[in-house]
Amino acid sequence: MTDKKQLFPIKTNTACAWKWGYSSVYFSSGTTSSCTYAKKLKIPENNFSSFHNLPEKMDDRQQMLKGLWPKNNSCNYCKRIEDVGGFSERMSQLTRQNDMNVISPELFVDASAVEVTPTFLEVYFSNTCNMSCVYCGPHYSSKWEEELKLYGPMERFEKIDDQYGTQRSHENKFYDHQKEQFWKYLEENNRFKILRWFSLAGGEPLVIPELEECLDFWDDHPNENLTFQMNTNLKANDYRFDKFLCRIEKLTKQKKIYQFKVIGSLDGIGPQQEYARYGLDIKQWIRNFEKLLKTQNISVGINSAISALTLHEFPFLLEKIIEWNKDRRIIDRIVHSFSPDTSLTPVYIFNADVFKDTIDRCKKLFIVKNRADDSSKKRWEGFALSVNNSTNDIKKINELKKYLSELDKRRNTDWKKTFPWLVNL
Ligand code: SF4
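Residues numbered from 1 in each chain as written. Predicted model: local features only at pLDDT ≥ 70, side-chain atom pairs only at ≥ 80, totals over all residues.

Points about the overall build of the protein
Quick reminder of the rule: Helical segments are the DSSP runs of H or I of at least four residues, strand segments are the runs of E of at least two, and each set is numbered from the N terminus. Exposure is read from a count of other C-beta atoms within 10 Å of each residue's own; the residue is exposed at 12 or fewer, buried at 20 or more and partly exposed in between. C-beta atoms are placed from the backbone. Each residue gets a C-beta atom placed from its backbone, and two residues are in contact if those atoms lie within 7 Å.
Along the protein, the regular secondary structure elements total 19 helices and 9 strands. The principal-axis extent of the C-alpha atoms belonging to the protein is close to 60 × 50 × 50 Å. Residues classed as buried in the protein amount to 38% of the 425 residues present. Across the protein, contacts joining residues at least 24 apart in sequence account for 73% of those joining residues at least 6 apart.

Some details on the environment of Gly-202
Position of Gly-202 relative to the elements: it lies in the loop between strand S5 (197–201) and helix H10 (210–220). The class for Gly-202 is buried, based on 25 C-beta atoms found within 10 Å. In this structure Gly-202 touches Tyr-124, Cys-129, Tyr-140 and Asn-231, once residues within four positions along its chain are discounted.

Some thoughts on the site of the ligand
Here is the rule we go by: Near, for a residue, is defined by distance from a backbone-placed C-beta atom to a molecule or strand, with 6 Å as the limit that must not be exceeded. Residues are grouped as follows: Ala, Val, Leu, Ile, Met, Phe, Trp, Tyr, Cys and Pro are nonpolar; Asp, Glu, Lys and Arg are charged; every other residue, Gly included, is polar.
With respect to spatial proximity, the complete set of residues near the ligand consists of Cys-16, Trp-18, Lys-19, Cys-35, Tyr-37, Ala-38, Cys-75, Tyr-77, Cys-78, Ser-88, Glu-89 and Arg-90. Breaking the shell around the ligand down by element, the ones donating at least two residues are helix H1 (17–21), helix H3 (76–83) and helix H4 (89–96). Along the lines of polarity and charge, the residues of the shell around the ligand split into 8 nonpolar, 1 polar and 3 charged.

Section: helix H15 (residues 352–365)
Our working rule: One less than the residue count of a helix, multiplied by 1.5 Å, gives the span that helix is expected to have. We define the bend at any residue as the angle between the axes fitted to the seven residues before and including it, ending there, and the seven starting there.
Relative to the 20 Å expected for 14 residues at 1.5 Å per residue, H15 spans 20 Å between its end C-alpha atoms, a close match to the ideal helical length. If you look at H15, its biggest bend is around 25°, right at Thr-358. The complete set of buried residues in H15 reads Val-354, Phe-355, Ile-359 and Cys-362. Elements that come into contact with the buried residues of H15 comprise helix H14 (314–325) and helix H16 (371–386).

Quick notes on the sheet that holds strand S9 (residues 335–340)
Note on sheets: strands pair through backbone hydrogen bonds, and any given pair is parallel or antiparallel. Defined as follows: Two strands pair if DSSP finds at least two bridges between them. Note on geometry: axes are lines fitted to C-alpha atoms, helical ones only across the stretch in contact, with angles between N-to-C directions running from 0 to 180 degrees.
Pairing within the open sheet is mixed, and its 9 strands lie in the order S3-S2-S1-S4-S5-S6-S7-S8-S9. Across the chains shown, the open sheet's two edge strands, defined by having one partner strand only, are strand S3 (41–42) and S9. Here strand S6 (residues 223–232) runs beside strand S7 (residues 257–265); their pairing, made up of 7 bridges, is parallel. Pairing of Thr-227 across the sheet is with Gln-259, part of S7. Contacts between helix H11 (residues 238–253) and the sheet are confined to S7 and strand S8 (298–306), with S7 contributing the most and set at about 150° to the helix.

Overview of the pairing of S9
Here is the rule: By convention, a crossover is right-handed whenever its connection, traced from the first strand over the helix to the second and viewed with the strands pointing away, goes clockwise.
Pairing analysis gives 6 bridges linking S8 to S9, with the strands arranged parallel. What sits directly across from Ser-304, in S9, is Phe-338. Taken together, S8, H14 and S9 form a β-α-β motif whose crossover is right-handed.

Structural notes on the domain arrangement of the protein
A common way to report how large an interface is uses the accessible area buried once the components associate. As a reminder, the rule being used: Boundaries of every domain are those given by an automatic assignment or by a domain database.
Looking at the protein, the domain boundaries give domain 1 (19–116) and domain 2 (128–168 + 196–423). Taken together, the contact between domain 1 and domain 2 spans 19 residues of the former and 14 residues of the latter. Elements represented by at least two residues in the side of domain 1 that touches domain 2 include exactly H3 and H4. A total of 4 residues in the side of domain 1 that touches domain 2 trace back to one element, the largest contributor, which is H4. Looking at the side of domain 1 that touches domain 2 residue by residue, the class counts come to 5 nonpolar, 10 polar and 4 charged.

Describing the pairing of S5
For strand S4 (residues 120–124) and S5, the ladder comprises 5 bridges, and the chain directions are parallel. Counted as the bridge partner of Glu-122 is Ser-199 from S5. Where S5 lies against S6, 4 bridges are found, and the strand directions are parallel. Bridge pairing in S6 places Ser-199 opposite Gln-229.

Section: unusual backbone geometry
The backbone phi angle of Lys-255 is positive, close to 55°, even though this residue is not glycine. For Lys-255, the position within the fold is in the loop between H11 and S7. Looking at Lys-255, the number of C-beta atoms within 10 Å reads 10, which means it is exposed. We note that Asn-297 has phi near 65°; this positive angle belongs to a residue other than glycine. Topologically, Asn-297 is positioned in the loop between helix H13 (282–294) and S8.

Topic: the environment of Lys-253
By the secondary structure assignment, Lys-253 is in helix H11. For Lys-253, a count of 10 C-beta atoms within 10 Å translates into the label exposed. For the pair Lys-253 and Phe-314, spaced 61 residues apart in the sequence, the C-alpha separation amounts to 35 Å.

Details of H13
Taking 1.5 Å of rise per residue, 13 residues should cover 18 Å, and H13 covers 19 Å from first to last C-alpha, within 8% of that figure. Next to the buried residues of H13 lie H11, S7 and S8.

Re the packing of H15 against H16
We apply this condition: An angle below 35 degrees is read as roughly parallel, one above 145 as roughly antiparallel, one from 65 to 115 as roughly perpendicular, and any other as oblique. Helix crossings get a hand from a simple test, with the near helix turned counterclockwise from the far one by less than a right angle marking a left-handed crossing and a clockwise turn marking a right-handed one.
Across the interface, H15 lies against H16 with an axial gap of 10 Å and an inter-helix angle of 165°. In terms of axis orientation, H15 runs roughly antiparallel to H16. Here the hand of the crossing between H15 and H16 comes out left-handed. Along its contact with H15, which presents Ile-359, Cys-362 and Lys-363, the element H16 presents Trp-380, Glu-381 and Ala-384. Across the contact of H15 with H16, the residue classes break down as 4 nonpolar, no polar and 2 charged.

Laid out in structure tokens, this is it:
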């Protein structure tokens, strides 16, 4: 289903704006992907600037131009939802393309171009992080790396055959060189001015040295159309967090960028959440988040991983968001996005009735006051449809239990107490 009024010029039934405009760059592994759900690809060591137009990415675009899904199941996440009539991330993206500036400029000259300039960049620098979430791994978290060194390898990480996934740590000997090439790439042909969205992701941006490097870059290369987004676990003491707020307030007051957007990661409120996001101090999270809500000139959001481990606590977060939004203007509402975990704790490995009541309750808690709310609600309904007919995958459930038992030994936690609903499944 395609909306013929959409601004994105490619109107086939599988065309996705992410595939043309968006790239993630993972410096710790020297890889890239055009969509969070797509396979990570190695960036050629001698040709960093080709990262957005690698042959595999261009082939995916070719497939979409023909109305086909990319090869290698790389868009299975959206296909799965669309196959059951749901509203996918791809469809949501198309509705959000309401600004011509976010479309790669080459598409205005030739709507079938597959070699294009990105308008959305997401960067992952080193894996330095102060938490070790259960669905994460050493690729994104140095805490995970430390734990594995201390207690030895875990079966989960050994078994998974995903060369550049979250399950492995990486040694990229070209790290500094590629970082240098990256800033050069943005300067060349004034690409930094074409960019509309620059997102800094984990490790944890509040603890990596590159946060200052990024802020300095945009201080020196102003772009009045740029949204600088940062995804953070909000684990920072008052001194560190206040210092960060001062720096970003200065950047926006001086109009060096269009806006700064801070997205706090949280999937629920309660003990299951503290188990899953290991290291989280929920009171500190809420304190820092409420400081963000009071800071002028920044936009605030929350991103939730939808995991079987925390879904039962997701409604409490939705209720809290309703409370926070109560006195906010429609344009300042908290943007709430979510991404279903598809690795180890996906909801679809359980019988649909395990989560049915919670999922239905959540549907009522997605309040729609603006376009972003509408898109989130529709995506939630699409997600609900996609897990509607799920049945217990005993093998995967047992693997999950085994993994949690192994974690408990290392962390002195107790999954059976935290997730009593899982014990007898
Ligand atoms: S998985 Fe979905 S959002 Fe990602 S590139 Fe494919 S169609 Fe687009």
